[in-house]
Amino acid sequence: MQLLNEIMFCIVLAPAFHLLRASLTAGSVARREYPELRLHPVAGAPLPWHEAAQHSQGALGTRADFIDAELGRIARYTAKGDILPWRELETFFAACER
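Quick notes on the rules
Counting from 1, residues in each chain are numbered in the order their sequence is written. Per-residue local features are limited, in this predicted model, to residues with pLDDT of at least 70; the limit for side-chain atom pairs, both in listing and counting, is 80 or more; totals at the level of whole chains, interfaces and linings are taken over all residues. In computing side-chain properties, one takes all heavy atoms of the structure into account and sets aside hydrogens as well as water. Secondary structure follows DSSP: runs of H or I at least 4 residues long count as helices, runs of E at least 2 residues long count as strands, and numbering of each begins at the N terminus. Residue exposure (1.4 Å probe, protein chains only): buried if accessible area is under 20% of the type maximum, exposed if over 50%, otherwise partly exposed. Any pair of residues with heavy atoms lying within 4.5 Å of one another is described as a contacting pair. Positive charges come from Lys and Arg alone, negative charges from Asp and Glu alone, with His and the N- and C-terminal ends not counted. Here the site of a charge means NZ on Lys, CZ on Arg, CG on Asp, or CD on Glu. Between N-to-C directions, angles cover 0 to 180 degrees, with each direction set by a line fitted to C-alpha atoms, over the stretch in contact for helices. Here is the rule for angles: anything less than 35 degrees is roughly parallel, anything more than 145 is roughly antiparallel, 65 through 115 is roughly perpendicular, and the remaining ranges are oblique. Charged means Asp, Glu, Lys or Arg here, nonpolar means Ala, Val, Leu, Ile, Met, Phe, Trp, Tyr, Cys or Pro, and polar covers whatever is left, Gly included. DSSP-based pairing: two strands are paired if at least 2 bridges between them are found. For the handedness criterion, the strands are oriented away from the viewer, and a crossover whose path from the first strand over the helix to the second runs clockwise is classed as right-handed.

A. Seen up close, the overall build of the protein. Helix and strand counts for the protein come out as four helices and four strands. Listing the helices and strands of the protein from first to last along the sequence gives α-β-α-β-β-β-α-α. Projected onto the principal axes, the alpha-carbon positions of the protein cover approximately 40 × 30 × 25 Å. For the protein, buried positions account for 31% of its 98 residues. Contacts spanning at least 24 positions in sequence make up 63% of the contacts within the protein whose residues lie at least 6 apart. For the protein, the separation between the mean place of its 10 positive charges and that of its 11 negative charges on side chains is 3 Å.

In structure tokens, the structure reads:
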């Protein structure tokens, strides 16, 4: 795909509680399939942590409640191999900043 080869950077935009997993997942895919892509994680508009919210997967709670679930997903997806180990991603994200 010619267009894909011309894309040099991508912004990963997500709510603050989801930004870590979204960035790690996007970084893992990019590292495997398009390592020259530069990813730049950006948090969405600031929203109150203790305000009621609905997660994209349908869960209800406060944004703060979702943090523990996100960390659990990161651990599970890393164990499955869907998310690369942090050591590999740390190098990838550091290269994105150059």
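B. Spotlight on the packing of helix α2 (residues 16-33) against helix α4 (residues 86-96). At a minimum axis separation of 10 Å, α2 and α4 run at an interaxial angle of 80°. In this view, α2 runs roughly perpendicular relative to α4, as classed from their interaxial angle. On α4, the residues touching S23, L24, G27, S28, A30 and R31 of α2 are W86, E88, L89, F92 and F93. A class-by-class count of the residues in the contact of α2 with α4 yields six nonpolar, three polar and two charged.

C. The arrangement of the pairing of strand β2 (residues 38-43) in detail. Where strand β1 (residues 9-14) lies against β2, six bridges are found, and the strand directions are parallel. Paired with C10 across the bridge in β2 is L39. With α2 bridging β1 and the parallel β2, this β-α-β connection has right-handed handedness.

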